[in-house]
Amino acid sequence: QVQLVESGGGLVQPGGSLRLSCAASGRIISIYAMGWYRQAPGKQRELVTVITSGGSTNYADSVKGRFTISRDNSKNTVYLQMNSLKPEDTAVYYCNANAQTPILPPMDYWGKGTLVTISS
């Protein structure tokens, strides 16, 4: 079993910044891709950004140039630096990791989410 715990959400004014963190724990052999998704009220969950174990990244068009994903493989942790935040970035942000354990093949795991609210 793999547990993902997000932190860093909160309320910030438009134009502000936040940094989210997500730490993975458990009996982990390897973590492959890690990413962030978000779900705004009344909308479907969408991919924000993903980073491979080798450091390759991909971003949703709506966040390109404003958000930066990074990871520390030694800590099994992924980060999301969010700058120039807009009200439309308001959502619950979920961490995702594709990980392998001793008894299970690689599969996706999810955190419980952290709320990000952009409002003046």
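In the block above lies the structure referred to throughout.
These remarks concern the structure in this document. (Residues numbered from 1 in each chain as written. Predicted model: local features only at pLDDT ≥ 70, side-chain atom pairs only at ≥ 80, totals over all residues. Heavy atoms only, no water.)

Bringing the nonpolar core into the picture now. One finds Leu4, Trp36, Phe67, Val78, Leu80, Met82 and Tyr93 to be the most contacted residues of the largest nonpolar core, which totals 29 residues. Counting only elements with at least two residues in this core, the list comes to strand E1 (2–7), strand E3 (18–26), strand E4 (30–39), strand E5 (46–51), strand E7 (67–72), strand E8 (77–82), strand E9 (91–100) and strand E11 (114–118). Broken down by element, this core gets its largest block of residues, five residues, from E9. Contacts of Phe67, omitting those with residues within four sequence positions, involve Arg38, Val48, Tyr59, Leu80, Gln81, Met82, Asn83, Leu85, Asp89 and Tyr93. (Core = buried A, V, L, I, M, F, W, Y, C linked by side-chain atoms within 4.5 Å. Buried < 20%, exposed > 50% of the residue type's maximum accessible area, 1.4 Å probe, protein only. Helix = DSSP H or I, 4+ residues; strand = E, 2+ residues; numbered from the N terminus. Contact = heavy atoms within 4.5 Å.)

Next up on the list: the packing of aromatic side chains. Throughout the structure, instances matching the rule amount to one aromatic pair. Looking at Arg45, its charged tip hangs above the ring of Tyr94, at a distance of 3.7 Å from the centre. Sitting over the face of the ring of Trp110, Arg45 holds its NZ or CZ atom 4.7 Å from the ring centroid. (Phe/Tyr/Trp six-rings, centres within 6.5 Å; stacked < 30°, edge-to-face > 60°. Lys NZ or Arg CZ within 6 Å of the ring centre and 35° of its normal.)

Here we come to the side chain of Glu6. Of note, Glu6 is situated in strand E1. For Glu6, which is buried and forms no salt bridge, the nearest opposite charge comes from Arg45, at a distance of 7.7 Å. Only 2.8 Å separates the side chain of Glu6 from the backbone nitrogen of Cys95, close enough to count as a polar contact. Reaching out from Glu6, the side chain makes a polar contact with the backbone nitrogen of Lys112 at a distance of 3.2 Å. Setting aside residues up to four positions removed in sequence, Glu6 forms contacts with Ser21, Cys22, Trp36, Tyr93, Tyr94, Cys95, Gly111, Lys112, Gly113 and Thr114. (Lys, Arg positive; Asp, Glu negative; His and termini not counted. Salt bridge = Lys/Arg side-chain N within 4 Å of Asp/Glu carboxyl O. Polar contact = N/O pair within 3.5 Å; in protein donor to acceptor, adjacent residues only side chain to side chain.)

Function cannot be read off these values alone, since they describe shape.
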